[in-house]
Amino acid sequence: MKPARYFLFGAAGAILLAAAGVVIFQDNITRWSIKPRTPFQAMLPPAPPDYSTRDSWILWPDETQDRPAVFYVHSTTYYSSRRWNAPINDAESNDVLRMIAAPNEAGPFAKAGEIYGPRYREATLFATFTQRYDGIAARRLAYEDVKRAFKTFLKTVDDKRAIILVGYGQGGLYVEGLLQEFFQDDEALRNRLAVAYVIGQAAPMSLFSTTLEKTPPCLRPADIRCVVSYSDYEPRFDEERERIRHRSVIWSPDFELVGSDTTDLLCVNPLTWTTTIDHVSADENMGAASATGLHFEETPAPVTHAVGAKCLKGVLEVDRPVQGYLRRGDWFGAKWRAEPFNLFYFDLADDAERRLQDLAAKREFEYRHLTPIENEVDVEDSPINKVPNP
């Protein structure tokens, strides 16, 4: 009996050690399991979306009205190792997009204006962990889709309507690309921009003196034509905060995707809409929410005073929510997936409407008070030459 008992004890110990190893190395195991095995250049990309058709948009207004327009680029919803870029008709990623990402990410802006959200051949989740060719090429392909969708958006939306840009995760990277490529040299388009939200994507402060010079950071609640950016994590996610600071990808001045390593990131605290580094109490939180599974027109129940927050080395550190369903998951890649909640749902909704009102007032003022002509030019009388009678 003793040998059998020793065997059972040994087997149990081996199982416990294996389980402990899985827990300890779960992040590495997850990354290995979602890595595409075929190189990007050897893989035929999915068919490109046709943005003239409704099926290529996850969000498109039923009726176009004279309201502000929101261009929304969703976060990563494709977690497969089959491809570097998702087909836009992938059933699993579309379920995540429809049920989780869009309601929680775009939902706060539903009252501010009409939302246009393209489906695109997003880079798979693993691409966000590498700065090698495959991951860069996958993100570049995804951006080209977003860029074409934005051109369709501009043709659709009247050129007098105000605009808001919203991007989460890799969608935030593509919004930064749109800001650099379309807004820096187009004053008329830039004047229509109320605000651009870049959430969950690094926005180094150096960008605002180089590639994003004409679209500065939003430093006060009353600022318009500017950029809001933050990446929010609870204190327990220290490795993720470090990854945002030192392993993010940004657009270079010559419009290449390059690695960024800096703690000098734009961090706008959504409880004050300033870049203060002081901790802001949960009393200032207008409301978190989980809109997962709701119809897009439905407003989720607010959880007021859900979290306090502070900017710490360029990343927004948030208090641990009391409600379990408002906490970011940390098992086997859950922290990297689209979150089924938004800690600042109602803060974002209020901020967007306020900045739109401020933009409308500014544009009205600019219309009534045109910049005077600095140099006067004397125009001489032109001689009148009569046309002879035939």
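Conventions used here
- Here the residue index of a chain counts from 1 through its sequence in written order.
- Where local features are concerned, this predicted model is filtered to residues with pLDDT of at least 70; where side-chain atom pairs are given and counted, the filter is 80 or more; whole-chain, interface and lining totals use all residues.
- Hydrogens and water are ignored here; the side-chain numbers use all heavy atoms of the structure.
- Helical segments are the DSSP runs of H or I of at least four residues, strand segments are the runs of E of at least two, and each set is numbered from the N terminus.
- Under the scheme applied here, a residue whose accessible area is under 20% of the maximum for its type counts as buried, over 50% as exposed, and between as partly exposed, the area being computed with a 1.4 Å probe on protein chains only.
- Pairs of residues are marked as contacts when any of their non-hydrogen atoms sit within 4.5 Å.
- Method for areas: the Shrake-Rupley scheme with a 1.4 Å probe, in which residue coverage is limited to the protein chains shown.
- Only one rule defines a salt bridge in this text: a Lys or Arg side-chain nitrogen within 4 Å of an Asp or Glu carboxyl oxygen.
- By the convention used here, strands pair only if DSSP detects at least 2 bridges between them.
- Here an axis means a line fitted to C-alpha atoms, over the contact stretch when the element is a helix, while the angle between two N-to-C directions is reported on a 0 to 180 degree scale.
- The pLDDT value expresses, per residue, how confident the predictor is, ranging between 0 and 100.
- Using a 1 Å grid laid over the protein atoms alone, points where a 1.4 Å probe fits but cannot get out form a cavity; open sets with protein on both sides within 12 Å along at least 5 of 7 lines form a pocket; any residue with an atom within 4 Å of a point counts as lining.
- Grid points are joined across faces, edges and corners, and a volume is the space filled by probe spheres set on the points.
- The classification used treats Ala, Val, Leu, Ile, Met, Phe, Trp, Tyr, Cys and Pro as nonpolar, Asp, Glu, Lys and Arg as charged, and all other residues, Gly among them, as polar.
- To estimate how far a helix should reach, multiply one less than its number of residues by 1.5 Å.
- To get the bend at any residue, fit one axis to the seven residues that end at it and another to the seven that begin at it, then take the angle between the two axes.
- In the analysis that follows, any N or O atom pair within 3.5 Å is treated as a polar contact, provided that within protein one partner can donate a hydrogen and the other can accept it, and provided that, for residues neighboring in sequence, both atoms belong to side chains.

### Re the overall build of the chain
- Secondary structure summary: the chain contains 8 helices and 11 strands in total.
- Burial analysis of the chain (390 residues in total) assigns 50% to the buried set.
- Summarising the internal contacts of the chain: among those between residues at least 6 apart in sequence, 79% fall at separations of at least 24.
- Total accessible area on the chain is roughly 19800 Å²; 55% of this is exposed by carbon and sulfur atoms.

### Observations concerning the pattern of salt bridges
- Inspection of every chain in the model, using the stated rule, returns 22 salt bridges.
- In this structure, Asp-223 and Arg-220 form a salt bridge, with 2.9 Å as the shortest nitrogen-oxygen distance.
- Judged by relative accessible area, Arg-220 falls into the exposed class, the value being 52%.
- One continuous salt-bridge network, built from bridges that share partners, spans Glu-234, Arg-236, Arg-320 and Asp-330.

### Topic: the environment of Ser-52
- With respect to the element layout, Ser-52 can be found in the loop between helix H2 (26–33) and strand S1 (57–59).
- A C-alpha to C-alpha distance of 10.0 Å links Ser-52 and Phe-153, two positions 101 residues apart in sequence.

### Looking at the sheet that holds strand S2 (residues 69–73)
- The strand order S1-S3-S2-S4-S5-S6 describes an open sheet built from 6 strands, whose pairing is mixed. The open sheet has two edge strands with one neighbour each: S1 and strand S6 (226–230). Across the sheet, the mean angle from the axis of one strand to that of its neighbour is 20°, orientation sign disregarded.
- Where helix H8 (residues 345–368) meets the sheet, its contacts fall on strand S4 (163–168), strand S5 (193–199) and S6, and the angle it forms with S5 comes to roughly 155°.

### Focus on the confidence of the model for the chain
- Summary statistics for the chain give a mean pLDDT of 91 and a share of 88% for residues scoring 70 or more.
- Counted against residues more than four places away or in other chains, residues 16–22, with its pLDDT under 50, gives 2 contacts.

### What to know about the layout of surface pockets
- Its boundaries defined by the atoms lining it, the largest pocket holds a volume of some 630 Å³.
- In this structure, the largest pocket is lined by 23 residues; those nearest its centre are Leu-59, Trp-60, His-295, Phe-296 and Glu-297.
- Of all the elements in the fold, those that place two or more residues in the lining of the largest pocket are S1, helix H3 (91–105) and strand S3 (114–118).
- Classifying every residue of the lining of the largest pocket gives 11 nonpolar, 4 polar and 8 charged.

### Considering H3
- Taking 1.5 Å as the rise per residue, H3 with 15 residues should run 21 Å; its terminal C-alpha atoms sit 20 Å apart, in good agreement.
- Approximately 45° is the largest bend angle found in H3, and it occurs at Leu-97.
- For H3, the full list of buried residues reads Ser-93, Asn-94, Val-96, Leu-97, Ala-101, Ala-102, Pro-103, Asn-104 and Glu-105.
- The secondary structure elements touched by the buried residues of H3 are S1, S2, S4 and H8.
- The residue sitting at the N-terminus of H3 and contributing the capping side-chain oxygen is Asp-90; that oxygen lies 3.4 Å from the backbone nitrogen of Glu-92.

### Description of the side chain of Ser-248
- Among the secondary structure elements, Ser-248 is positioned in strand S8 (residues 248–251).
- Residue class for Ser-248 comes out buried when judged on its relative accessible area of 8%.
- At 2.7 Å, the side chain of Ser-248 forms a polar contact with the backbone oxygen of Ile-244.
- Setting aside anything within four residues of it in sequence, one finds Ser-248 in contact with Gln-131, Ala-202, Arg-243, Val-258, Gly-259 and Ser-260.

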